[in-house]
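Now for the letters of each chain:
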Protein chains: 2
Amino acid sequence: MVRHSKQRDAIFDNLCSRYDHPTAEDIYFSLKPAIPALSLATVYRNLSQLESDGKIIRIESAGTARYDGNINLHYHLSCINCGGVFDVFMDNDCGLCRKASEVFNGKIIGHSVLFTGYCSACSKQVG
Amino acid sequence: MVRHSKQRDAIFDNLCSRYDHPTAEDIYFSLKPAIPALSLATVYRNLSQLESDGKIIRIESAGTARYDGNINLHYHLSCINCGGVFDVFMDNDCGLCRKASEVFNGKIIGHSVLFTGYCSACSKQVG
DNA sequence: TTCGATAACGATAATCGTTATCATTATCAT
DNA sequence: ATGATAATGATAACGATTATCGTTATCGAA
C-alpha cells in the first residue's frame, strides 16, 4: 500500500522542473530551505521508488547516479570538461533496439545511450 | 616514466582472455591463486591506468564498474535476470554520433550503448 | 471524527566500491 | 652493481548509497 507524502511530491516536482539531471544530493540541498527537516535518506528512498514506478529515469554516469524527470526516450551527453549531463533529443532511436534484436540472441527491452564530448558552453571555451 | 610489472601484465591478460566483463574484484579473485600476494588496490590501480591508456574499456553499470578487454566499438546488454553483462556486436554504429552531432549544440567525441533485457540463457528460462 | 495499522519519515550507523597513504619492493637507466 | 623512483601490498579513508530504528503522518474503518 502506497501513501501520499509531501516529501515525495516535492522531490518529484523538483526533479521535473529542472533539466540539469541532478544527483540525490543536488535535490536534497535544493529542497532543504523549503523543507528544513528533510533527510537525505528520504531523497534516496523516494528517488528509488519513483524510478521503480517508472516515473523518473536514473542515469548511470561515473561515480554518482543522476536523475531525469523526462521519461520520454532521449539520450544524454556527459561533458568531459564541466562534468554536466545534457539532453540529446533525436528524432528516432535509429532502430537501435530492432537492429540489436537481429544480432543478439536474447530479449532486448530497452536501452540507454551516453555520449561523451563537450557541451555547448565548454566546446566554445575549450574543445 | 612507466615501468613494467608482472601484476599489470597478469591483469591485462586475464581481462583479455575472458568475455564476462568482470569487476575489479572478479579479476582479483581470479588471479589470487596464481599471485597470492596480489592486492586489490593493485587491481584497481592498474585497471584505471590501462583504461586511461586506452587499452581497455570501463563499462558503467549500476553500482560496480565492469571492464572489457575488447576496445573495438560494440555495445552491451545488462541482463535483468542474472545481472550479467553481454556483448552486442552490430555491423555499424547506426550513425549515432553523426546524427547526434546534427542535433546537439556541442562536440560529440564518443558514445556507449547499454541495452537492458534478458540474455540468451535467461530469455529461455524466464522472459 | 477519532482510532489504529502501518507507510513514510528523520537521524544516523553500516555497507560497499573505490581511492589515498605510506612503508617496502622491483624495475631499469646509468 | 647501484641509485632513483615506479609499482606494490596493506590498510585507512572516502563518498555514495542502503539499512536500521524509533517517531510521525496518512488514511480506511469504526
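Use the structure listed above.
For clarity, every value in this text was computed on a predicted model and none was experimentally measured. (Residues numbered from 1 in each chain as written. Chains lettered and ligands numbered in written order. Predicted model: local features only at pLDDT ≥ 70, side-chain atom pairs only at ≥ 80, totals over all residues. Heavy atoms only, no water.)

Engineer: An account of the relation of the copies chain A and chain B is requested, with residue identities and associated values reported.
Structural biologist: Rotating chain A by 179° and translating it 0.0 Å along the rotation axis places it on chain B, where the RMSD comes to 0.1 Å. Viewed as a symmetry operation, the transformation between the two copies matches a two-fold axis. Residue A:Val113 of chain A places its C-alpha closer to the rotation axis than any other residue of that unit, at 2.3 Å. (Least-squares fit on C-alpha atoms with pLDDT ≥ 70 in both.)

Engineer: Go over the environment of B:Ala24 with me, naming the residues and quoting the values.
Structural biologist: All names here are of chain B. For Ala24, the location among the structural elements is in helix 2 (residues 24–31). Judged by its relative accessible area of 3%, Ala24 is buried. Residues Ala24 and Ser78, 54 residues apart in the sequence, show an inter-C-alpha distance of 17 Å. (Helix = DSSP H or I, 4+ residues; strand = E, 2+ residues; numbered from the N terminus. Buried < 20%, exposed > 50% of the residue type's maximum accessible area, 1.4 Å probe, protein only.)

Engineer: Would you mind going over the environment of A:Val103 in detail, with residue names and values included?
Structural biologist: Along the chain, A:Val103 turns up in helix 4 (residues 96–103). For A:Val103, a relative accessible area of 46% gives the class partly exposed. Every residue in contact with A:Val103, bar those within four places of it in the chain, is listed here: B:Val88, B:Phe89 and B:Met90. (Contact = heavy atoms within 4.5 Å.)

Engineer: An account of the protein's contact with DNA strand C is needed here, citing residue identities and associated values.
Structural biologist: Around DNA strand C, a shell composed of 21 residues is seen, among which A:Arg3, A:Ser5, A:Gln7, A:Thr42 and B:Tyr44 lie nearest. In this structure, a phosphate oxygen belonging to DNA strand C sits 3.3 Å away from a main-chain N or O atom of A:Ser39. Interatomic distance of 2.9 Å between a side-chain N/O atom of B:Arg3 and a base oxygen of DNA strand C. Those elements that place two or more of their residues in the surface near DNA strand C are helix 1 (6–16) and helix 3 (40–52) of chain A together with helix 3 (40–52) of chain B. Partitioned by chemical class, the residues of the surface near DNA strand C number 8 nonpolar, 8 polar and 5 charged. (Near = heavy atom within 4 Å. Polar contact = N/O pair within 3.5 Å; in protein donor to acceptor, adjacent residues only side chain to side chain. Nonpolar A, V, L, I, M, F, W, Y, C, P; charged D, E, K, R; others polar.)

Engineer: Please provide a residue-by-residue account of the sheet that holds strand 4 (residues 85–88) of chain B, values included.
Structural biologist: One open sheet accounts for 6 strands, arranged 4(A)-3(A)-5(A)-5(B)-3(B)-4(B); its pairing is mixed. Because the sheet does not close on itself, it has two edges, and the strands there are strand 4 (85–88) of chain A together with strand 4 of chain B. Direction aside, neighbouring strands of the sheet carry axes that sit 30° apart on average. Here helix 4 of chain A sits on the sheet in contact with strand 3 (75–79) and strand 5 (107–118) of chain A together with strand 3 (75–79), strand 4 and strand 5 (107–118) of chain B, set at roughly 120° to strand 5 of chain A. Together, strand 3, strand 4 and strand 5 of chain A together with strand 3 and strand 5 of chain B form the strand contacts of helix 4 (residues 96–103) of chain B, whose direction differs from that of strand 5 of chain B by roughly 120°. (Pairing = 2+ DSSP bridges. Axes fitted to C-alpha atoms, helices over the stretch in contact; angles between N-to-C directions.)

Engineer: Break down helix 4 of chain B for me, citing the residues and quoting the values.
Structural biologist: Each turn of an α-helix holds 3.6 residues, which means side chains three or four residues apart point in the same direction. Burial in helix 4 of chain B covers these residues: B:Leu96, B:Cys97 and B:Ala100. Along the axis of helix 4 of chain B, the buried residues cluster in a sector spanning 90°; they form a single face. The inward-facing, buried residues of helix 4 of chain B contact strand 3, strand 4, helix 4 and strand 5 of chain A together with strand 3 and strand 5 of chain B. (Arc of directions from axis to C-beta.)

Engineer: Which residues make up the pattern of salt bridges, and what are the values?
Structural biologist: By the definition in use, this model includes 6 salt bridges over all chains. A salt bridge links A:Arg18 to A:Asp20, with the shortest nitrogen-to-oxygen separation between them at 2.8 Å. A:Asp20 sits in the partly exposed class, given a relative accessible area of 36%. Across the pair B:Arg98 and B:Glu102 runs a salt bridge whose closest N-O atoms are separated by 3.5 Å. (Salt bridge = Lys/Arg side-chain N within 4 Å of Asp/Glu carboxyl O.)

Engineer: Could you give an account of the protein's contact with DNA strand D, with specific residues and numbers?
Structural biologist: Taken together, 21 residues lie around DNA strand D, and A:Arg3, A:Tyr44, B:Arg3, B:Ser5 and B:Thr42 are the ones closest in. A share of 66% is what sugar and phosphate atoms reach among the atoms of DNA strand D within 4 Å of the protein. Within the side chain of B:Arg8, an N or O atom sits 3.1 Å from a phosphate oxygen of DNA strand D. Secondary structure elements with two or more residues in the surface near DNA strand D: helix 3 of chain A together with helix 1 (6–16) and helix 3 of chain B.

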